[in-house]
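# A structural walkthrough
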Amino acid sequence: MKLLVLMSALFSTLAAFAEAIPVAVKIDARRVGAPVSPLLHGIFFEDINYAADGGLYAELVQNRSFEHADSLIAWGMVSRNAIGTVEIRSQHPLNSNNSQYAHLRITDAAKGFGIANYGYAGIPLRASEKYFVSLYARATGSIPLRIELEDESGRIVASHELTITSPTWKKFEATLVSGQSVAGARLAITAFARGELDLDVISLFPEQTFKSRTNGLRNDIAQTIASLKPAFIRFPGGCIVEGQNLDNRYQWKHTIGDIAERKQNWNRWQDAIRDRKAPNYHQTYGLGFFEYFQFAEDIGAKPIPILNVGMACQYQSKELVPLTELDPYIQDALDLIEFANGPADSTWGGKRAAMGHPAPFNLEYLGIGNEQWGEDYFARYNQFDRAIRKKYPKIKLVSGSGPGVDDKSWQLAWNQFRSGTRAAMVDEHYYRPPQWFLENATRYDPQFRQCSVSEARKCPRVFAGEFAAHDSRDRRPSLRAAIAEAAFMTGLQRNSDLVTMSSYAPLLARADAFQWAPNLIWFDDSHVLRTPSYYVQQLFSQHRPENAVALEIDGAPVNMPRLPAASVATFGAEQLPPFSPQEIPTLYAFAGVDKSTNSLVVFAVNPFDQPRAMHLTVEGLAIDAKASLIRISGATPDAINSFAAPDAVVPVELDARFEGNEFRAELPPHSLTILRATLENGRH
Ligand code: AHR
């Protein structure tokens with residue numbers, strides 16, 4: 001017993017001693033390494049968790065075209081002492097893509113008979129803001145209508161009157177100004193005469209959309225995304241690209257043109273997760289490919305669309321298009337390139353121009369398939385590659401590599417690339433516990449790369465297209481997860497000659513209707529919540545230096561690990577050592593120089609429960625004494641942000657000072673610290 005007490009005292013003394021010895025971080029700025037890819041930090045948008053309809057897309061009416069499977073979902077009947085019926089009909093619809101509409105038979109209008117929409121969780125209104133209503137209608141005879149916004153108690157806060165006299169479909173538009181702010185309003189449309197009335201595509205948008213676009217995006221969510229300064233946006237998925245079967249796959253051609261003519265679809269996230277079913281989840285495609293391209297342009301991000309490769313979800317129906325019948329799928333890809341980049345007088349470029357964007361969208365990258373895997377995938381991928389390369393040799397293709405890394409499917413993918421399959425980028429996905437991220441920060445270091453140096457030129461670069469640390473505690477979007485991601489991302493930075501793009505996933509989630517967690521940004525109808533992971537992504541993106549510089553931790557080189565030249569030359573691919581989880585280092589760090597801001601930028605991540613003292617020395621650069629330090633940390637690793645306490649974990653900026661070329665700091669437990677030092681007299 002005494003011995004145990006003695007030993008435990010000895011261990012705690014040793015542990016305290018280890019904590020007290022500062023980690024020596026040495027930067028040699030004369031040894032400039034690989035550029036950090038300007039595309040390294042981007043976003044991946046998928047319509048999961050109500051990210052599009054009910055989320056980023058600013059439409060306030062749910063089920064505006066009565067095309068949802070439950071065709072009256074989100075609608076209710078309004079009868080003010082009146083008598084009438086409401087039914088869904090499909091005879092002589094607005095158009096063949098929009099085949100259902102609401103038919104109202106008003107027997108006694110009394111004080112009004114009609115329908116009302118409740119939005120997603122009620123319609124949020126802001127006092128004095130303008131709201132644009134539009135609808136299609138036709139009627140027998142002449143039917144006066146009232147369009148009203150009502151608060152939860154039925155009090156009218158905005159109203160407009162019009163009369164429907166047209167026996168054929170006609171579009172009506174009006175502007176309402178809300179008299180007050182309301183959390184859960186409804187939009188009511190009531191008739192004041194006997195007769196029959198058909199209504200369709202009933203839409204309500206706030207005036208204030210992102211960049212004031214019509215058919216635009218919710219300003220607060222779009223702004224939160226824009227603040228990440230993403231270098232690219234990968235869209236629209238994800239599994240929704242694949243569909244549960246080929247019939248309900250994502251087809252971009254259904255998502256462009258007049259919103260009243262877009263061919264809508266269910267959403268495969270309706271029933272993909274057993275305990276998070278969302279039977280009314282639907283895709284109106286109001287946020288379609290034109291809007292994605294426009295959003296990318298508005299936030300200065302490169303668009304990276306992903307197309308179906310002729311395969312439905314390999315976890316679900318596993319449907320395959322025979323290789324001999326793949327042409328229409330390939331044609332969709334060729335047409336998309338023309339839609340994005342073709343002149344305004346080309347067939348598909350003309351459709352873009354007709355939507356208000358005659359200039360091209362400058363598409364450079366195109367993803368073929370989502371996270372597909374296996375021989376079937378590569379047989380199809382190669383057909384796309386041949387056709388696209390022939391017509392558009394400059395377009396760079398992104399290939400999938402399956403849902404996991406280091407497994408057989410992933411290995412098969414890399415074997416394909418090593419033996420001739422061409423791709424600019426290979427998309428790798430990992431949703432793993434925080435510990436995995438800590439153990440895998442070296443996975444792209446040269447000694448573990450899938451292509452040896454002699455093969456590297458023909459091998460694709462890596463796109464870490466979907467990743468997130470899944471904290472075992474209910475998959476909470478915790479500080480622990482965010483810091484593990486930060487540690488891992490120091491490995492992406494130093495290997496950015498190979499890993500040129502990365503994006504966290506998923507991006508968005510509606511708090512009252514999500515299927516997947518964690519997510520980067522949460523929202524309800526009137527709030528947006530940034531997670532600790534959001535701030536990590538934002539900090540990496542905002543402080544991306546241009547080039548790595550040599551960095552050692554406790555005497556061991558970290559930033560630019562190199563294999564001895566001779567061993568590289570003799571390595572055959574099959575001889576490459578398999579990646580195996582690495583020992584966890586004392587600290588995760590990266591340093592780079594940024595000529596545009598004339599600064600040295602150092603990232604230091606302490607994912608441990610104890611603070612770490614850091615002693616930094618810089619060689620080869622003269623540094624101003626005054627520096628700045630940006631830090632994200634929290635009271636406990638379990639810390640999260642919530643709607644009640646949205647700023648529990650946020651970055652703070654502190655002053656910092658160099659003593660000559662040395663800097664000392666204590667890095668708090670579970671923290672990311674970014675040190676920005678100015679180069680003296682611009683010398684570097
Ligand atoms: O991000 C959620 C899902 O994870 C994506 O749809 C899919 O690509 C991956 O399996």
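Residues numbered from 1 in each chain as written. Predicted model: local features only at pLDDT ≥ 70, side-chain atom pairs only at ≥ 80, totals over all residues. Heavy atoms only, no water.

### A closer look at the overall build of the chain
The helix and strand inventory of the chain stands at 13 helices and 34 strands. For 684 residues, the compact-globule formula gives about 26 Å, and the C-alpha radius of gyration of the chain, at 28 Å, lands near that figure. With the principal axes as the frame, the chain shows a C-alpha extent of 90 × 60 × 60 Å. Within the chain, buried positions represent 60% of all 684 residues. Summarising the internal contacts of the chain: among those between residues at least 6 apart in sequence, 78% fall at separations of at least 24. Counting every atom, the chain has about 27100 Å² of accessible surface; 52% of that belongs to carbon and sulfur. (Helix = DSSP H or I, 4+ residues; strand = E, 2+ residues; numbered from the N terminus. Rg over C-alpha atoms; globule rule 2.2 N^0.38 Å. Buried < 20%, exposed > 50% of the residue type's maximum accessible area, 1.4 Å probe, protein only. Contact = heavy atoms within 4.5 Å. Areas by Shrake-Rupley, 256 points an atom, 1.4 Å probe, with all protein chains shown as cover.)

### With respect to the state of the cysteines
What makes a disulfide is a covalent bond joining the sulfur atoms belonging to two cysteines. Counted by the stated rule, this structure contains one disulfide. Of all cysteine sulfurs in the structure, the one in Cys313 sits closest to Cys239, which takes part in no disulfide; the separation is 5.2 Å. Among the residues examined, Cys239 registers a relative accessible area of 11% and is labelled buried. A relative accessible area of 0% means that Cys313 is categorised as buried. (Disulfide = S-S within 2.5 Å.)

### Brief notes about the pattern of salt bridges
Inspection of the entire model under this criterion finds 34 salt bridges. Where Asp28 meets Arg30, a salt bridge forms, and the shortest distance between an N and an O atom there is 3.0 Å. Taking relative accessible area as the criterion, Asp28 reaches 14% and is therefore assigned buried. Judged by relative accessible area, which is 57%, Arg30 ranks as exposed. Its salt-bridge partner being Asp151, residue Arg155 comes within 3.3 Å of it at the nearest N-O pair. Judged by relative accessible area, which is 48%, Arg155 ranks as partly exposed. Taken together, the shared-partner salt bridges in this structure form one network comprising Arg80, Arg146, Glu148, Glu150, Glu161 and Arg186. (Salt bridge = Lys/Arg side-chain N within 4 Å of Asp/Glu carboxyl O.)

### Section: the environment of Thr500
You can see Thr500 is positioned in strand 22 (residues 499–504). Beyond its immediate sequence surroundings of up to four residues, Thr500 is in contact with Ser37, Leu39, Leu40, Met425, Arg461 and Val462.

### A closer look at the confidence of the model for the chain
In this model, the chain carries a mean pLDDT of 93, and residues with pLDDT of at least 70 account for 94%. Predicted confidence for residues 1–15 stays below pLDDT 50, and this span has zero contacts to residues more than four positions away or in other chains. (pLDDT = per-residue confidence, 0-100.)

### Regarding the pairing of strand 14 (residues 232–235)
On strand 14, burial covers both faces: Phe232 and Arg234 on one face and Ile233 and Phe235 on the other are all buried. In terms of strand pairing, strand 2 (residues 43–44) meets strand 14 through two bridges, oriented parallel. Looking at the pairing, Ile43 lines up with Ile233 of strand 14. Summarising the sheet, strand 14 and strand 17 (residues 302–307) pair through four bridges and their orientation is parallel. For Phe232, the partnering residue across the bridge sits in strand 17 and is Lys302. (Pairing = 2+ DSSP bridges.)

### So, the environment of Asp247
Within the element layout of this structure, Asp247 appears in the loop between helix 4 (239–242) and strand 15 (265–266). Considering only alpha carbons, one finds Asp247 and Phe289, 42 residues apart in sequence, at a separation of 19 Å.

### Regarding the sheet that holds strand 21 (residues 461–469)
Two orientations exist for strands paired in a sheet by backbone hydrogen bonds: parallel and antiparallel. Spatially, the eight strands line up as an open sheet ordered 2-14-17-18-19-20-21-22, and their pairing is parallel. Only two strands of the sheet have a single partner each, and these edge strands are strand 2 and strand 22. Taken strand by strand, helix 6 (residues 327–341) contacts strand 17 and strand 18 (365–368), and its axis lies near 165° from that of strand 17. (Axes fitted to C-alpha atoms, helices over the stretch in contact; angles between N-to-C directions.)

### A word on the site of the ligand
Close contacts around the ligand come from Glu46, Gly238, Cys239, Trp269, Asn370, Glu371, Tyr431, Glu466, Pro506 and Trp516, and that covers them all. One nitrogen or oxygen atom from the main chain of Cys239 is found 2.8 Å from an oxygen atom belonging to the ligand. Between an oxygen atom of the ligand and a side-chain N or O atom of Tyr431, the distance comes to 2.7 Å. Contact with the protein chains removes 95% of the 280 Å² of surface that the ligand exposes when unbound. Among the residues making up the shell around the ligand, the classes are represented as five nonpolar, two polar and three charged. (Near = heavy atom within 4 Å. Polar contact = N/O pair within 3.5 Å; in protein donor to acceptor, adjacent residues only side chain to side chain. Nonpolar A, V, L, I, M, F, W, Y, C, P; charged D, E, K, R; others polar.)

### Things to note about the packing of helix 6 against helix 8 (residues 374–391)
Helix packing for two helices is described by the angle between their axes and how far apart those axes are. Two elements in contact, helix 6 and helix 8, have axes separated by 10 Å at closest approach and are oriented at 35°. Considering how the two elements wind past one another, helix 6 and helix 8 form a crossing that is right-handed. Each of Tyr329, Ile330, Ala333, Leu334 and Ile337 in helix 6 lies in contact with helix 8, whose residues at this interface are Gln383, Phe384, Ala387, Ile388 and Lys391. Here the contact of helix 6 with helix 8 is composed, by residue class, of eight nonpolar, one polar and one charged. (Left-handed = near helix turned anticlockwise from the far one by under 90°.)

### Details of helix 5 (residues 289–298)
Summarising burial for helix 5: nine of the ten residues are buried, a large majority. Burial in helix 5 covers these residues: Phe289, Phe290, Glu291, Tyr292, Phe293, Gln294, Phe295, Ala296 and Asp298. The inward-facing, buried residues of helix 5 contact helix 2 (52–56), helix 3 (219–226), strand 14, strand 17, helix 6 and helix 7 (347–354). The positive-phi residue at the C-terminal boundary of helix 5 is Gly300, with phi of around 70°.

### Here we look at unusual backbone geometry
Residue Gly238 is reached from Gly237 by a cis peptide bond, and omega for that bond is 20°. You will see that Val201, though not glycine, has its phi angle at about 45°, which is positive. Within the secondary structure, Val201 is located in strand 13 (residues 195–206). Judged by its relative accessible area of 3%, Val201 is buried. We note that Asp406 has phi near 70°; this positive angle belongs to a residue other than glycine. Under the relative-accessibility criterion, Asp406 is labelled partly exposed at 34%.

### Comments concerning the packing of helix 11 (residues 479–494) against helix 12 (residues 532–542)
For the pair helix 11 and helix 12, interaxial distance at closest approach is 8 Å and the crossing angle is 25°. Relative to helix 12, helix 11 is oriented roughly parallel. Read as a crossing pair, helix 11 and helix 12 show a hand that is right-handed. Taking contact as the criterion, the partners of Leu479, Ala482, Glu485, Ala486, Met489, Thr490 and Gln493 in helix 11 are, on helix 12, Pro532, Ser533, Val536, Gln537 and Phe540. For the contact of helix 11 with helix 12, the per-class residue count stands at seven nonpolar, four polar and one charged. (Parallel < 35°, antiparallel > 145°, perpendicular 65-115°, else oblique.)

### Looking at the sheet that holds strand 11 (residues 170–177)
Taken together, the five strands give an open sheet; going across it, the order is 4-5-13-8-11, and neighbouring strands pair in antiparallel fashion. Both outer strands of the open sheet, strand 4 (83–89) and strand 11, are each paired with one neighbouring strand and no more. Taken pair by pair, the neighbouring strands of this sheet meet at an average axis angle of 30°, ignoring direction. Examined bridge by bridge, strand 8 (residues 130–139) and strand 13 share eight bridges and lie antiparallel to one another.

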